[in-house]
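Each chain is listed here by its residues.
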Amino acid sequence: MRKPLLAGAMALALMAPSYTLAATWPKSGSTATTTRTVRPDATTQNFLDKAWNINNFEIQAGREAQNKANTQEFLDYARRIVRDHTNMDDELRPIVQRDRLNAPNALDKEHQNLLQQLSSTTGARFEERFRTQQIDGHEKAVKLFESYAKTGQNPELKRWAQSAIPTLENHLRDAKALPRATQRSTRAD
């Protein structure tokens, strides 16, 4: 009786639509061998939700910039953002799965809105909006990661947060160094 039930469940899972978010991965607790999900403290869940949204937004924003940026500085920065945040996500995934934590599976409204703002602009306006979002986002990210690295309850997430801080600080420094629209020759939008 168990084999037909398991086979039917697997068939349904294979037929279900999948989302193609930049760096999605299954929520923990979804495998057949896992029977429960650990309910983290509120601080850990809040950090995990925000960190996941930051990473996935950065990957998607970086890809948008790779498609829309007009200058080499922006293209190079966007490539680094995608690479580094994908690596951060790859490091986070096993922690979430091993500790059976729940990560979001879609961007929150704030990050969806930021991505929509990027999608709706082109040219120098796009680059300026991207630059501003990168500075604001990385300032917030550094504070968030520093806070959790100091006071978080999950030791593995604390280590991950601590190890990510230098990368986030480099992104912030590099975003501030990106040329402003008023610093370069005027381009048609």
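Residues numbered from 1 in each chain as written. Predicted model: local features only at pLDDT ≥ 70, side-chain atom pairs only at ≥ 80, totals over all residues. Heavy atoms only, no water.

## So, helix α4 (residues 109–119)
- For α4, the set of buried residues is H111, L115 and L118. Angular distribution of buried residues about the axis of α4 spans 55 degrees; they occupy a single face of the element.
- Looking at the buried positions of α4, the neighbouring elements they touch are α2 (42–68) and α5 (123–151). (Buried < 20%, exposed > 50% of the residue type's maximum accessible area, 1.4 Å probe, protein only. Helix = DSSP H or I, 4+ residues; strand = E, 2+ residues; numbered from the N terminus. Arc of directions from axis to C-beta. Contact = heavy atoms within 4.5 Å.)

## Considerations on the nonpolar core
- Judged by nonpolar contacts, the single largest core of 41 residues is most densely connected at F47, F130, F145, L157 and W160.
- Those elements giving two or more residues to this core turn out to be α2, α3 (72–98), α4, α5 and α6 (155–177).
- Every residue in contact with F47, bar those within four places of it in the chain, is listed here: L144, F145, Y148, L157, W160 and A161. (Core = buried A, V, L, I, M, F, W, Y, C linked by side-chain atoms within 4.5 Å.)

## Examining the pattern of salt bridges
- Enumeration over the complete set of coordinates arrives at ten salt bridges.
- A salt bridge links R180 to E128; the nearest nitrogen and oxygen atoms lie 3.0 Å apart. With R180 in the segment after α6 and E128 in helix α5, this pair connects stretches of sequence that are 52 residues apart.
- The partly exposed category is assigned to R180, whose relative accessible area is 37%. (Salt bridge = Lys/Arg side-chain N within 4 Å of Asp/Glu carboxyl O.)

## Quick word on the layout of surface pockets
- Approximately 320 Å³ is the volume found for the largest pocket.
- Of all the secondary-structure elements, those providing two or more residues to the lining of the largest pocket are α2, α4 and α5.
- The element that contributes the greatest number of residues to the lining of the largest pocket is α5, accounting for seven residues.
- Of the residues contributing to the lining of the largest pocket, the split by class is four nonpolar, five polar and seven charged. (1 Å grid on protein atoms, 1.4 Å probe; cavity = no way out; pocket = protein on both sides within 12 Å on 5 of 7 lines; lining within 4 Å. Points joined across faces, edges and corners; volume = space filled by probe spheres on them. Nonpolar A, V, L, I, M, F, W, Y, C, P; charged D, E, K, R; others polar.)

## With respect to the environment of F145
- Note on placement: F145 falls in helix α5.
- Taking the C-alpha atoms as reference, F145 lies 9.3 Å from S163; in sequence the two are 18 residues apart.
- Every residue in contact with F145, bar those within four places of it in the chain, is listed here: F47, A51, I54, M88, W160, A161, A164, I165 and L168.

## Observations concerning the confidence of the model for the protein chain
- The predicted model of the protein chain has a mean per-residue pLDDT of 83, with 76% of residues at 70 or higher.
- When the elements of the protein chain are averaged for pLDDT, helix α1 (residues 2–15) gives the smallest value, 40, and α6 the largest, 98.
- Counted against residues more than four places away or in other chains, residues 1–36, with its pLDDT under 50, gives 40 contacts.
- In the predicted structure, residues 185–189 sits below a pLDDT of 50 and forms six contacts with residues beyond four places in sequence or in another chain. (pLDDT = per-residue confidence, 0-100.)

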